[in-house]
Amino acid sequence: SNRVGLKTIDTVVDSYNYITINDDIHIFTGVRPLGGEGSSTTSMLYMDIKTGEVKELNKAGVSLNAAQIAATESVIEKGYTPTTPNLLSVEGYPTYVMTLKSDSGTTYGFSMINYSDLNLNAFGNNLYEVRKNYLNVMKGTSQGSSDLDLTKDYIIEEITMVTVEGNSQFYMMF
């Protein structure tokens, strides 16, 4: 078989979510080398759940869990809990978007966290407000926009789960 690469996903560090790309449902998650810093990723993988085809965003950034923590901290006085983030392009900026909910599950707001820098974030009571607030934050930065360009497609040939020091780690053979 043609082995393109081996990636590891540390489930203790990052979670996953679902997103639609061109009408196909993908699971996406952050990827980092074993032993790497827990709050960052080296890339994102988008796996088509029907075909097993994988697209990669080969850009280092903030992990999904770190984005959730940042969203929680930005409205800590309100006691909201963020949903698992979706990574979207907001005016060309790779951005985590989350719903913020109360303990009863009622949506009270939205958060946007920049994929490259946790400090670039915004809160809003609705999607229009959070987008406006986020773009105002981004306007004041020197960070240029760099859209979510997914690179070469791979097909997952094998996924193996290994437990290391009590943590599940997944190895993917492309």
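Up top you'll find the structure we're talking about.
Every chain begins its residue count from 1, and numbering advances along the sequence as written. Whole-chain, interface and lining totals are the exception, using all residues; otherwise, since this is a predicted model, local features are given only for residues with pLDDT of at least 70 and side-chain atom pairs are given and counted only at 80 or more. The side-chain numbers reported here are obtained from all heavy atoms of the structure, hydrogens and water having been left aside.

A. Molecular detail of the pattern of salt bridges. In what follows, salt bridge is the name for a side-chain nitrogen of Lys or Arg lying within 4 Å of a carboxyl oxygen of Asp or Glu. With the rule as written, the count across this model stands at three salt bridges. A salt bridge links E91 to R131, with the nearest nitrogen and oxygen atoms 2.3 Å apart. In this pair, E91 sits in the loop between β9 (86–90) and β10 (93–101) while R131 sits in helix α2 (residues 127–139), placing the two residues 40 residues apart along the sequence. Throughout this description, buried means an accessible area under 20% of the type-specific maximum (1.4 Å probe, protein chains only), exposed means over 50%, and partly exposed covers the range between. R131 sits in the partly exposed class, given a relative accessible area of 37%. Only runs of H or I of at least four residues qualify as helices and only runs of E of at least two qualify as strands under DSSP, and these elements are numbered from the N terminus.

B. Just the side chain of T95, in detail. The residue T95 is located in strand β10 in this model. Under the relative-accessibility criterion, T95 is labelled buried at 0%. Counting of polar contacts relies on pairs of N or O atoms within 3.5 Å, with two restrictions inside protein: one atom must be capable of donating a hydrogen and the other of accepting it, and residues adjacent in sequence are counted only when both atoms are side-chain atoms. Of the polar contacts made by the side chain of T95, one reaches the backbone oxygen of Y93; its length is 2.7 Å. Should any heavy atoms of two residues lie within 4.5 Å, those residues are counted as being in contact. The residues contacting T95, other than those within four sequence positions of it, are N86, L87, L88, V90, M112, I113, Y115 and Y134.

C. Main features of the nonpolar core. Counting residues in hydrophobic clusters, the biggest one holds 21 residues, and the most contacted among them are F28, M44, Y46, L87, Y96 and I113. Among the elements that take part in this core, helix α1 (residues 64–74) stands out by supplying five residues, more than any other. Beyond its immediate stretch of four places on either side in the chain, Y96 contacts M44, V62, S63, L64, A67, P85, N86, L87, S111, M112, I113 and Y115. Among the nonpolar cores identified, the runner-up in size contains 11 residues, and V97, M112, A122 and M138 belong to it. Buried Ala, Val, Leu, Ile, Met, Phe, Trp, Tyr and Cys residues form a nonpolar core when they are joined through side-chain atoms within 4.5 Å.

D. Geometry of unusual backbone geometry. For N22, which is not glycine, the phi torsion reads 50 degrees and is therefore positive. When you line up the elements, N22 lands in the loop between β2 (16–21) and β3 (24–31). The phi torsion at E91 lies on the positive side, around 55 degrees, for a residue other than glycine.

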